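Architecture at a glance
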Amino acid sequence: MTETRRPIIAGNWKMNLNHLEAILLVQKLAASLPERTLAEVEVVVLPPFTALRSVQTAIDGDKLQLGYGAQDVSAHASGAYTGEISGGMLAKLGCTYVVIGHSERRQYHNEDDALVNAKIKAAFAAELTPIFCVGEGLEIREAGNQVSHVLAQVDAGLDGLKAEQVKQTVIAYEPVWAIGTGKTATPEDAQEVCGAIRARLTERHGAEVGEAVRIQYGGSVKASNAAAIMAQPDVDGALVGGASLDADEFAGICRFSEHVGR
Ligand SMILES: O=C(CO)COP(=O)(O)O
């Protein structure tokens, strides 16, 4: 990270917590985060759709300094798409962010780069900020092709966007082999790919965009490894799965700077 980009730590709750449990976690999390952390770091929670209204009410009611968003969005604005949720619906619930292209959606719902691109455009049409996920599987990593694979995902996902939109996008690099496995990429592994993403953004969209985009690392992030990952120059945040369900652990990740003596 650098001083110019505000770190963003986001908790992807995945398919966990009903709306009552969600309220408790948000309240406990807010109570665990000191003012100083909230001033330095943007802290975001990403609950399931069914908890968004309750999370909105809890955050607004108590004026908590937490951002929130959803884990997916439809590529369509409205209509006969049973079971889908539009960007407009999420915006109306006060969401700032929406996760797009998470590896679990790519894997279990066959989401390809074209759909991811359409969803990113749908998010912008609703004035939501995408947290756009990319990352390689184990075979690609073992063959040493992680950089080219991820850059192809980045190019395809951002295809046709204006520079101003790319600048706002949060990109999450999540190596699939490190998700929920306890295997964290080394800080150097994370930097290699995050640095390559930034170089590509600079090449395609100009230095101003490249310098502004926040790039997160995701995959088995914990309070104990967050500081080393965040110390990498092109890593500006973390997208946290399992550890975001525990208020103390997630708060520990958000307080990463205390572990590097800042
Ligand atoms: O997929 C992730 C966040 O989106 C990472 O999950 P874990 O932190 O549980 O490995």
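Residues numbered from 1 in each chain as written. Predicted model: local features only at pLDDT ≥ 70, side-chain atom pairs only at ≥ 80, totals over all residues. Heavy atoms only, no water.

**Some details on the UniProt feature "binding site: substrate" (unreviewed entry) in the protein**
UniProt tags Asn12, Trp13, Lys14, Gly180, Ser220, Gly241 and Gly242 as "binding site: substrate" (unreviewed entry). With the annotated positions falling across 231 residues, the maximum pairwise C-alpha distance of 13.8 Å places them together in a single cluster. Those annotated residues that line the largest pocket are Asn12 and Lys14. Ignoring anything within four residues of it in the chain, the contact list for Asn12 reads Leu46, Gln71, His102, Leu239, Val240, Gly241 and Ser244. (UniProt positions renumbered as here; feature names shortened; annotations may be inferred. 1 Å grid on protein atoms, 1.4 Å probe; cavity = no way out; pocket = protein on both sides within 12 Å on 5 of 7 lines; lining within 4 Å. Contact = heavy atoms within 4.5 Å.)

**Focus: the packing of helix α1 (residues 19–32) against helix α13 (residues 247–254)**
Across the interface, α1 lies against α13 with an axial gap of 9 Å and an inter-helix angle of 45°. Looking at the two axes, α1 sits oblique to α13. When you trace α1 past α13, the crossing you get is right-handed. Residues Leu25, Lys28, Leu29 and Ser32 of α1 form the contact with α13, whose own contacting residues are Ala247, Asp248, Phe250 and Ala251. Of the residues in the contact of α1 with α13, the class split is five nonpolar, one polar and two charged. (Axes fitted to C-alpha atoms, helices over the stretch in contact; angles between N-to-C directions. Helix = DSSP H or I, 4+ residues; strand = E, 2+ residues; numbered from the N terminus. Parallel < 35°, antiparallel > 145°, perpendicular 65-115°, else oblique. Left-handed = near helix turned anticlockwise from the far one by under 90°. Nonpolar A, V, L, I, M, F, W, Y, C, P; charged D, E, K, R; others polar.)

**Brief notes about the sheet that holds strand β2 (residues 42–46)**
The strands making up a sheet associate through backbone hydrogen bonding, with each pair oriented either parallel or antiparallel. On the basis of which strands lie adjacent, the closed barrel formed by eight strands has the order β1-β2-β3-β4-β5-β6-β7-β8 and parallel pairing. Averaged over neighbouring strand pairs, the angle between their axes works out to 25° when direction is ignored. As paired strands, strand β1 (residues 8–12) and β2 are joined by five bridges and run parallel to one another. Bridged to Gly11 within β2 is Val45. Against the sheet, helix α3 (residues 49–61) engages β2 and β3 (67–70), with an angle of about 165° to β3. (Pairing = 2+ DSSP bridges.)

**Examining the site of the ligand**
Around the ligand, 13 residues are found, and the nearest of them are Lys14, His102, Gly180, Ser220 and Gly242. Within the side chain of Lys14, a nitrogen or oxygen atom sits 2.8 Å from an oxygen atom of the ligand. The separation between an oxygen atom of the ligand and a polar main-chain atom of Gly180 is 2.6 Å. Residues belonging to the shell around the ligand are distributed by class as follows: four nonpolar, seven polar and two charged. (Near = heavy atom within 4 Å. Polar contact = N/O pair within 3.5 Å; in protein donor to acceptor, adjacent residues only side chain to side chain.)

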